Structure formats: structure tokens, C-alpha cells
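Per-entry structural report
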Amino acid sequence: MATRSKVWISLLLALAVALSSPAVRAEEAAAAAEEGEAVLTLDVDSFDEAVAKHPFMVVEFYAPWCGHCKALAPEYEKAAKSLSKHDPPIVLAKVDANEEKNRPLATKYEIQGFPTLKIFRNQGKNIQEYKGPREAEGIVEYLKKQVGPASKEIKSPEDASSLIDDKKIYIVGVFTEFSGTEFTNFMEVAEKLRSDYDFGHTLHANDLPRGDAAVERPLVRLLKPFDELVVDSKDFDVAALEKFIDASSTPRVVTFDKNPDNHPYLMKFFQSSAPKAMLFLNFSTGPFDSFKNVYSAAAEEFKDKEIKFLIGDIEAAQGAFQYFGLKDEQAPLILIQDGDSKKFLKDHIEADQIVSWLKEYFDGKLSPFKKSEPIPEANNEPVKVVVADSIHDVVFKSGKNVLIEFYAPWCGHCKKLAPILEEAATTLKSDEEVVIAKMDATANDVPSEFEVQGYPTMYFVTPSGKVTSYDAGRTADEIIDFIKKNKETSGATTTTSEKAADPATTAETVKDEL
């Protein structure tokens, strides 16, 4: 499920955010407060007016409890002060997306974790994710580029040298003239993707630092710091151009380590809907080079397959290990997550076993791996504990009406809900046709029958298999009333199936609490 993947993307990338975020310093935050904030504070009442007023505005959606938000705050304020002097001024704003009245904004703009920054252009007609640095100097530099032309003209080798960073992807259109369909389409794509990539255009390929200078124009040249250093395309259809850039801008093998230069590729890797092969080992000890060489060769061998490859350092990838339920002592290990969210695992793998194991996967000879806590030996509390290995027996095969909560141990809303569920379960204890249960969705795989985008998410499942998202109130009386109105009594039958994500706390993910 594509929507379910948003939660685990946040899980896996939380560490990357932490590594690139500066440490928060209380004295800096206090100094900013004393001087008066340059960052514009918005809420649901003032948001639309601010977007309409400013042709270019950056908005941070944050939560007061979020550690990364606290770390970003002084840097964001410094950047706002600096950018307020820019001509024209660049406005930085913030919204407390955790506040109840502002929840509609979090839903509207699909806020999945904190902090999330978005760029609003042209009075909100064009909205893009902010994908730049998280420290003041980097924010300022990145946003100054965002308000200029989407693509800069390269008139000389000196221009190219000043614009093109050998450590980053740079996309150049080479034309006979700056007009016509090809140029128009190129500029359209540059505007659309400018928050992801740097673009330039030129009349002379020999002004560029790499690639064949004697090429037939027009063409698009993508310069990158990995794999083939230069890739050209002559297809200027907008969709084809976007596909070319997307396919060419991720390393054949993405590296998951503490190097912030790799974090943009990690984001693209985990956002992809393609099956993912992930090899995890200790980069600093053991035969790392032999594993890397064999794995890179395997990625080349299977490049025509619909699968992406990643190699990760277990020290940097603890978020991934927590999400997948893995332990350091299992490494070296290789894990595949396919498009249906099935997982396949081989721990303690040797380098010379990698290719044969991948072939078994492609031949459909592997059995899926499931993450589950142990089934509890005693389960006598009013709210029953279920795990991945028991959820189908308890929820779908028990012949009972089951209200199940998917929660996260760190989730504040889940902690508030716990005694309320306990009270409801205690009240309904004498009703043998009803069960209230809970499952730690961070420690167990969530079955495909449920869609969990945030915590807590609750579903009601009847004996006939009808699955309904719980969208009523959060008091014990409201929960009890919902169950009584929706439960099936013995002998009742229905075939209706309803599924929808609980929007109540979509924004509260583990982006801050890994």
C-alpha cells in the first residue's frame, strides 16, 4: 500500500534527519525570543491570507514536542533574519501542526512527520517540498537559488565551473536557440523539479566540464558524481524527461551511512514503489570491500529487473533495524521488501551467497519473513495484546467483534487513549461477543487488511470479516456506543468491507522519536 509506506519512510529517514540537523542550543533559542522572531507564526485563520500575500514563502509544519523541530528553530530563525534583507524579501513561516485547530492544515498538505517544510510559490499555486539543508547558512543559500530562474544560462566554461558542483547532480539543456518546444518543455521541467535539482542551459556543449562536445543539439545532459558521470537524452517530452532524470539521478547502489551527501538518494530510494534489496553490514569491520564489490556486480547483473539496491552501515541504519525487527548480531544480512510489502531475509550471509540468493528471490523460491513480537503467554488484561503472529486468530478467526488499536509506544495520543480503552474494555467485559485489542505497530508487521498512516489508528472488525475504520470520538462512552451500534450478533452476516485511514493523528509519526 502506497499510503502505508509513508510511515516507514519516516521511520527509516529519521536518523538521516537527525544527522543533518544541528544540536539545539538553549541560549540561541532564548536570544532569538528576546530579539523578536523573524519567522512568521501562522495558524489556520491566518494561513490562506499569508499564502496569498507572499509570492514565495517557506512554511515549517512543526510540533512543540518534536526534538528535530527544537534543533531546527534557532537555525530557521537565523535564516529568516538574513533572508528578510534579500531583494525581494524571502518569507519564512511556521505552523504548529500538532495544535488541534491547525490539524486541517496538516491533513490538507499531507504532513506525515515533523518538521516538514514546504515552499509555496505563486500564491500557493505551486507547492513543493523543501529538500535543502537544515542549518542557517545552507537554508539561506538554498532558498536564494529557489527564488531566481529555475535554469541558469551557461555562457562560458567559467560559468559552468561556478555553477556545477562535481559532488552534485546538475542537469543542462544544450540548444541551438533558447526557444521552441524543446526549450519550453525543458524549462517547464526545470521549474517543476527545481527543489530537487540544479538546472542550466547553454548553446555550447564544449562549455561543459564533461561529456562529448561534438553532439547534435538539442539534448539534455545529466552530470552526476556516481556510476556513469555523464548521461544524455534527446527525448524532450515532459513526462519522458522527468522519467529520464528520475532514473538517472539515483546511484545503482545507494549508500546508507552518516554522510549527509547520501541522504537525498536515501529519500528517493525509500520513496520508490519498486522492490528494494538492502544489504546491511558493519562498514568499519569485516570484509566490507568484498561485500561491496560483489553486491555492486549483482546490481549491475540485475539492472534490468524492477528492483533497487542499497548497502547500509548497521551503525547508521538503526532506524531501519528497529522498523524491520532486526538485530545487529544478524549482520551481514540482506533483506528485500517487495511492492506488496512482503519481506525476504537472509541473515549471516556470505559475500559469495548474494547472487544465488537474489536469483532465488527472482525465481519465487523464497518464503516471506514476518516481524512479530512473541505471542504473550498471559493475556488477562481487559485490553488484549495481539502481535503479528496472532492477529489473524484474534481478529479474523475468533468469531467476535474486535476493536483493535494500532499504536506506537512513544506516541503521546496513544498514551492518552490507553486508560480510555481500558475503561471501555472493562465496561464491556461481560459481553463475550466483543474484544478490545491493541498492537504495537512499530514492533509488528501490520497486515494488509489495515492501513496505518499515523498513531493511534483504530479499526472495528466483525465476525463476518467486515473491516471499518473507527472514526468516532475518543471517550470511553463514545467507544462503547460505537461498538454497540456496529457489532454483529451471533448469526448475523454481511459481506460489506470498508477501509479508510484514521486521519486523527496522521501527522504524528516517529520522525522525531526514533
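Before reading on, note that the structure itself is shown above.
Throughout this document, residue positions are counted from 1 along each chain, in the order its sequence is written. For this predicted model, a pLDDT threshold of at least 70 governs which residues receive local features, and a threshold of 80 or more governs which side-chain atom pairs are given and counted, while totals over whole chains, interfaces and linings are taken from all residues. Only hydrogens and water are set aside; all other atoms, that is, all heavy atoms of the structure, feed into the side-chain values.

1. Here's the deal with the sheet that holds strand β3 (residues 91–96)
- One open sheet holds the five strands; their spatial order is β1-β3-β2-β4-β5, and the pairing between them is mixed. At either end of the open sheet lies a strand with only one pairing partner, and these are β1 (40–42) and β5 (126–129). On average, each strand axis in the sheet is inclined to that of its neighbour by 30°, with strand direction left out of account.
- Where strand β2 (residues 56–62) lies against β3, six bridges are found, and the strand directions are parallel. When the sheet's bridge partners are listed, Val 59 is paired in β3 with Ala 93.
- Taken strand by strand, helix α4 (residues 67–83) contacts β2, β3 and β4 (116–121), and its axis lies near 165° from that of β2. Should DSSP find at least two bridges between two strands, the strands are regarded as paired. We count a stretch as a helix when DSSP gives it H or I for four or more residues in a row; a strand needs E for two or more, and each element gets its number in order from the N terminus. In this analysis, axes come from line fits to C-alpha atoms, helices being fitted only over the stretch in contact, and the angle between any two N-to-C directions falls in the range 0 to 180 degrees. Contact definition: two residues touch when any of their heavy atoms are within 4.5 Å.

2. Observations regarding the side chain of Lys 94
- One can find Lys 94 in strand β3.
- According to the relative accessible area criterion, Lys 94 is buried, its value standing at 16%.
- Once you skip the residues sitting within four places of it in the chain, Lys 94 turns out to touch Glu 37, Val 39, Leu 40, Thr 41, Leu 42, Glu 60 and Tyr 62. Each residue is assigned to one of three classes by its accessible area relative to the maximum for its type, calculated with a 1.4 Å probe on protein chains only: buried under 20%, partly exposed between the two thresholds, exposed over 50%.

3. Description of the sheet that holds strand β19 (residues 457–461)
- One open sheet holds the five strands; their spatial order is β16-β18-β17-β19-β20, and the pairing between them is mixed. Looking along the sheet, the strands with just one partner apiece sit at the ends: β16 (384–385) and β20 (467–469).
- Of the pairings in the sheet, the one linking β19 to β20 comprises three bridges and is antiparallel in character. Considered in β20, the bridge of Val 461 is made with Val 467.
- Of the strands in this sheet, β17 (401–407), β18 (434–440) and β19 touch helix α15 (residues 412–427), which is tilted by about 165° from β17.
- The strands touched by helix α16 (residues 476–486) are β17, β18, β19 and β20; relative to β19, the strand with the most contacts, the crossing angle is about 30°.

4. Observations concerning unusual backbone geometry
- Put simply, Asp 87 and Pro 88 share a cis peptide bond, and its omega is 0°.
- Of the consecutive residues Phe 114 and Pro 115, the connecting peptide bond is found in the cis state with omega at -15°.
- In this fold, Pro 115 is placed in the loop between α5 (103–108) and β4.
- In this structure, Asn 122 is a non-glycine residue whose phi angle is positive, near 50°.
- As for its position among the elements, Asn 122 is in the loop between β4 and β5.
- For Asn 122, a relative accessible area of 41% translates into the label partly exposed.
- Of note in the backbone geometry, His 348 takes a positive phi value of approximately 50° without being a glycine.
- Within the secondary structure layout, His 348 lies in the loop between β15 (343–347) and α13 (354–362).

5. Section: the packing of aromatic side chains
- By convention, a stacked pair of Phe, Tyr or Trp rings (six-membered ring in the case of Trp) has centres within 6.5 Å and planes under 30 degrees apart, an edge-to-face pair has planes over 60 apart, and any other such pair is tilted. All chains considered together, the criterion is met by 30 aromatic pairs.
- On the numbers, 4.9 Å between centres and 45° between planes, the contact of Phe 302 with Phe 362 is tilted. With Phe 302 in the loop between α11 (288–301) and β13 (308–313) and Phe 362 in helix α13, this residue pair connects regions lying 60 residues apart in the sequence.
- Their ring planes at 70° and their centres at 4.6 Å tell us that Tyr 470 and Phe 482 sit as a pair that is edge-to-face. In this pair, Tyr 470 is assigned in the loop between β20 and α16 and Phe 482 in helix α16, connecting sequence segments 12 residues apart.
- The class of Phe 482 is buried, set by a relative accessible area of 9%.
- In this structure, Lys 305 is placed above the aromatic ring of Phe 362, and the distance from its NZ or CZ to the ring centre is 5.1 Å. Two limits define a charge over a ring: the Lys NZ or Arg CZ must be within 6 Å of the ring centre, and within 35 degrees of the ring normal.

6. Digging into the pattern of salt bridges
- Any Lys or Arg side-chain nitrogen located within 4 Å of an Asp or Glu carboxyl oxygen qualifies as a salt bridge. If you walk through the whole model with that rule in mind, you get 22 salt bridges.
- A salt bridge links Glu 129 to Lys 118; its shortest N-O distance comes to 2.5 Å. Of this pair, Glu 129 sits in strand β5 while Lys 118 sits in strand β4, and the two are 11 residues apart along the sequence.
- Judged by its relative accessible area of 34%, Glu 129 is partly exposed.

7. A closer look at helix α9 (residues 238–248)
- Every buried residue of α9 is listed here: Val 238, Leu 241, Phe 244, Ile 245 and Ser 248. One side of α9 carries all its buried residues, which in axial view fall inside an arc of 125°. Exposed residues pointing more than 90 degrees away from the buried face of α9 are listed as Ala 239, Lys 243 and Ala 247.
- On the buried face of α9, the contacting elements are β7 (170–174), α8 (181–193), β8 (198–202), β9 (219–223) and β10 (230–233). In this description, the arc belongs to the directions extending from the helix axis to the C-beta atoms.

8. Things to note about the side chain of Gln 330
- Of note, Gln 330 is situated in the loop between α12 (318–324) and β14 (333–337).
- Exposure remark for Gln 330: the relative accessible area of 14% places this residue in the buried category.
- We call two N or O atoms a polar contact when they sit within 3.5 Å, provided that within protein one can donate a hydrogen and the other can accept it, with sequence-adjacent residues counted only if both atoms are side-chain atoms. There is a polar contact of 3.3 Å between the side chain of Gln 330 and the side chain of Asp 347.

9. Re the pairing of β13
- With respect to burial, β13 is a largely interior element, five of its six residues being buried.
- Looking at chain direction, strand β12 (residues 276–281) and β13 are connected through six bridges and run parallel. Bridge pairing links Phe 280 to Gly 312 in β13.
- Crossovers are marked right-handed if the path from the first strand over the helix to the second runs clockwise, as seen with the strands pointing away from the viewer. Regarding the hand of the β-α-β motif, the stretch spanning β12, α11 and β13 is right-handed.

10. Section: the packing of α4 against helix α6 (residues 136–147)
- Contact pair α4 / α6: the axes reach a minimum separation of 8 Å and the direction vectors enclose 45°. Of the possible angle classes, the one that applies to α4 and α6 is oblique. Pair α4 / α6 crosses with right-handed handedness. In this structure, α4 contributes Leu 72, Glu 75, Tyr 76, Lys 78, Ala 79, Ser 82 and Leu 83 to the contact, and α6 contributes Ala 136, Ile 139, Val 140, Leu 143 and Lys 144.
- Nonpolar residues are Ala, Val, Leu, Ile, Met, Phe, Trp, Tyr, Cys and Pro. Charged residues are Asp, Glu, Lys and Arg, and all others, Gly as well, are polar. Its residues placed into classes, the contact of α4 with α6 shows eight nonpolar, one polar and three charged. Any angle between 65 and 115 degrees counts as roughly perpendicular, while under 35 counts as roughly parallel, over 145 as roughly antiparallel, and the rest as oblique. In this scheme the handedness of a crossing depends on how the near helix is turned from the far one: anticlockwise by less than a right angle means left-handed, clockwise means right-handed.

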